[in-house]
Amino acid sequence: MNIMKKTLIASILFIGIGLTHAQKNSETNSEFGTSTKKGKNIEIDGVGHKQSFSSDGGNATVSGVNNVITINGFAAKLEVSGSGNTVYVDKVTRVVLEGTTNKVFYRESPTKTGKPNISTTGVGNSVQKK
């Protein structure tokens, strides 16, 4: 009887851990492309995504065309590539922009200056405090 109880408790524990891990990883495939959240990292690739994500210190990558992405929480690093993407983020430390007419709007940055570290390659890209 003791062995059955221990086995049952261990099984419930492993199922709970598996469900917790499954909730942290999600992937969406659609006609627009893919969007994935793996642990703390967010990856969006495609055309015309309009999505919101929660982040607690991970990295976010947005690539493609005309995506509108909202990131609630803190992104340590935000990379945006392609054309015409718009990203709204609550808090960000570093922003990397590549391509054309990509826009990032942020509320705050934990850096000493209060502005994220910005690297831009391309034409018409912008990062603005909102």
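For the protein chain, an unreviewed UniProt entry supplies the name DUF3060 domain-containing protein and the organism Chryseobacterium carnipullorum.

A. Representation of the pairing of strand β3 (residues 41-47) in the model. Of the two faces of β3, the one lined by Ile42, Ile44 and Gly46 is fully buried and the one lined by Asn41, Glu43, Asp45 and Val47 carries no buried residue. Two elements, strand β2 (residues 33-38) and β3, share 6 bridges in a ladder whose sense is antiparallel. Looking at the pairing, Gly33 lines up with Gly46 of β3. Hairpin connection, β2 to β3: the antiparallel pair is bridged by 2 residues, and Gly39 has positive phi, about 60°. Inspection of the sheet shows β3 paired to strand β4 (residues 50-65) by 6 bridges, in the parallel sense. In the sheet register, Ile44 faces β4, and the bridge partner there is Val62.

B. Fine view of the nonpolar core. Counting 18 residues, the largest nonpolar core has Leu78, Val87, Val89 and Val104 as the members making the most contacts within it. Here Leu78 is in contact with Ala60, Ile71, Val87, Val89, Val92, Arg94, Val95, Val96 and Val104, once residues within four sequence places are set aside.

C. View of the environment of Val92. Tracing the backbone through its elements, the reader meets Val92 in strand β6 (residues 86-100). What makes Val92 buried here is its relative accessible area of 0%. Residues Val92 and Gly73, 19 residues apart in the sequence, show an inter-C-alpha distance of 8.7 Å. When sequence neighbours within four positions are dropped, the list of residues in contact with Val92 reads Phe74, Ala75, Ala76, Leu78, Tyr106, Glu108, Ser109, Pro110 and Pro116.

D. Geometry of the packing of aromatic side chains. Counted under the stated rule, the structure contains 1 aromatic pair. Centroid distance Tyr88 to Phe105: 5.3 Å. Interplanar angle 15°. Geometry classified as stacked. Here Tyr88, found in strand β6, pairs with Phe105, found in strand β7 (residues 103-108); they are 17 residues apart in sequence, far enough to count as distant. Lying across the ring of Phe74, Lys91 places its NZ or CZ 5.7 Å from the centre.

Each value, and the rule that gives it
- Residues numbered from 1 in each chain as written.
- Predicted model: local features only at pLDDT ≥ 70, side-chain atom pairs only at ≥ 80, totals over all residues.
- Heavy atoms only, no water.
- Buried < 20%, exposed > 50% of the residue type's maximum accessible area, 1.4 Å probe, protein only.
- Helix = DSSP H or I, 4+ residues; strand = E, 2+ residues; numbered from the N terminus.
- Pairing = 2+ DSSP bridges.
- Core = buried A, V, L, I, M, F, W, Y, C linked by side-chain atoms within 4.5 Å.
- Contact = heavy atoms within 4.5 Å.
- Phe/Tyr/Trp six-rings, centres within 6.5 Å; stacked < 30°, edge-to-face > 60°.
- Lys NZ or Arg CZ within 6 Å of the ring centre and 35° of its normal.

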